Amino acid sequence: MKTVSDEVEQEVSTGSLPAWDRVEELARSAHARFRHDDEGAVATYIPVLAEVDPALFGVCVAEVSGAVHEVGETSYEFSVQSISKAFVYALVCEEHGHEVVRERVGVDNTGLAFNSVIAVELNDGHPMNPMVNAGALATTALMPGASFAEQWENVRTGLSRFAGRQLELDGEVYRSESATNARNKAIARLLQSYGRIDLDPLEVVDVYTRQCALRVDARDLAVMGATLADGGVNPVTGERVVSAQVCRDTLAVLASTGMYERSGEWLFEIGLPAKSGVTGGIVAIAPGKGAIGTFSPRLDPAGNSVRGRHATAYLSRALGLNIFASAAQAAATGVPDGVEHSA
Ligand code: DON
């Protein structure tokens, strides 16, 4: 089916960030304001994650110009977890085109928890969207590669290109999650029973578990996000990772589903497509401008990092990133003489 975007040349919505000094100052201020907020609790359902120091906090802003602002523990490495779903989705869309992936995985919010089994049953086996575990498993199964080892290598190199450096597997996290992920295995088998996964479901879970165990830091998250903000070109390395259309589609999916069943609330409060992970990372993307990567392990009841949410909300507002915000043109520039508003 031909869509409007195939027929009409694309305009882009951009704008620009404040000057470098101002962004630097606001990134520092975001860190200072929330570094003593001790609300929330670290995730423990993957046993090894419980061992993290809850006081860690890093804030990073990466601009599409390639400038990077780092405050706090931005080099502390943690497993990327669910944030990988956004970037694997982009790689799979790049490979297959978004219509195939839309049909196979979907783009709508389930309104249920990220690891819900009942959501699959309620939707006749359709995973609904790539940011919940069912949809992420169906998406990972679509990664190119003649073997599972090759699929995994393509995930790793693909995410590394987004980050602009070679990402490595955290073996301890991988083993800890592999030993306790019966629920993901059940979801994968359920998808198989509905014909939504053609490959061996347990092997797909293994590739997915590895992808979640890739080590990143807050700076990586910001650069990965800034690549999506920059039409698919990594602004630090200059490498094209995915197409501009794939970025647009990925950001639309993140806006509606990236923060799980809190996606509406997040969009209302912060106004940016974003993705969070259970280790305490958040990446929020401002199309045409840049991205914010935060890391702090204490999570709110919805599973989003408390300090990360506060810092992102502050920066979205202070840097003017909310994609829904506008100022009246007439108030800012005046209506030209002789031009009247129609009633
Ligand atoms: O599949 C899982 O449960 C984890 N590997 C990822 C969970 C996650 O990050 C969800 N986050 N909010």
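Structure: see above.
Cut-offs used in this document
- Residues numbered from 1 in each chain as written.
- Predicted model: local features only at pLDDT ≥ 70, side-chain atom pairs only at ≥ 80, totals over all residues.
- Heavy atoms only, no water.
- Helix = DSSP H or I, 4+ residues; strand = E, 2+ residues; numbered from the N terminus.
- Buried < 20%, exposed > 50% of the residue type's maximum accessible area, 1.4 Å probe, protein only.
- Core = buried A, V, L, I, M, F, W, Y, C linked by side-chain atoms within 4.5 Å.
- Contact = heavy atoms within 4.5 Å.
- Near = heavy atom within 4 Å.
- Polar contact = N/O pair within 3.5 Å; in protein donor to acceptor, adjacent residues only side chain to side chain.
- 1 Å grid on protein atoms, 1.4 Å probe; cavity = no way out; pocket = protein on both sides within 12 Å on 5 of 7 lines; lining within 4 Å.
- Sits in = over half its atoms within 2 Å of the grid points.
- Nonpolar A, V, L, I, M, F, W, Y, C, P; charged D, E, K, R; others polar.
- Axes fitted to C-alpha atoms, helices over the stretch in contact; angles between N-to-C directions.
- Parallel < 35°, antiparallel > 145°, perpendicular 65-115°, else oblique.
- Left-handed = near helix turned anticlockwise from the far one by under 90°.

Peer 1: Would you take a moment to explain unusual backbone geometry for this structure?
Peer 2: What you tend to see is this: most non-glycine residues have negative phi, and most peptide bonds are trans. A positive phi is found at D124, a non-glycine position, where the angle reads about 50°. Residue position: D124 is located in the loop between α5 (118-122) and α6 (133-140). We classify D124 as exposed; its relative accessible area is 61%. Positioned with a positive phi, Y260 is a non-glycine residue whose angle comes to about 55°.

Peer 1: For this particular structure, what's the right way to read the nonpolar core?
Peer 2: Nonpolar side chains tend toward joint burial in soluble globular proteins. Counting residues in hydrophobic clusters, the biggest one holds 48 residues, and the most contacted among them are F87, L159, F162, V242 and I285. Those elements that place two or more of their residues in this core are β1 (58-63), α3 (83-96), α4 (98-105), α7 (148-163), α11 (218-229), α12 (244-257), β6 (281-286) and β7 (290-295). Ranked by the residues each element gives to this core, the list is headed by α3, at 9 residues. Beyond its immediate stretch of four places on either side in the chain, V242 contacts A90, L91, E94, F162, G231, G232 and C247.

Peer 1: Just checking my understanding: could you explain the site of the ligand for this structure?
Peer 2: Around the ligand, the neighbouring residues are Y45, Q81, S82, F114, N133, E177, N184, Y208, C212, Y260, G277 and V278. For the ligand, an oxygen atom lies 2.9 Å from a polar atom in the backbone of V278. When each cavity is represented as a set of grid points, the ligand is found to reside in the second largest pocket. Taken together, the residues of the shell around the ligand sort by class into 6 nonpolar, 5 polar and 1 charged.

Peer 1: Explanation requested: the packing of α3 against α6 in the structure shown.
Peer 2: A packed helix pair is summarised by two numbers, namely the angle formed by the two axes and the spacing between the axes. Two numbers describe how α3 lies on α6: the axes approach to 9 Å, and their chain directions differ by 40°. As summarised for this structure, α3 and α6 are arranged oblique, according to the angle between their axes. The handedness of the crossing between α3 and α6 comes out as left-handed. Contacts between α3 and α6 involve K85, V88, Y89 and V92 from the former and N133, A136, T139 and T140 from the latter. The class makeup of the residues in the contact of α3 with α6 is 4 nonpolar, 3 polar and 1 charged.

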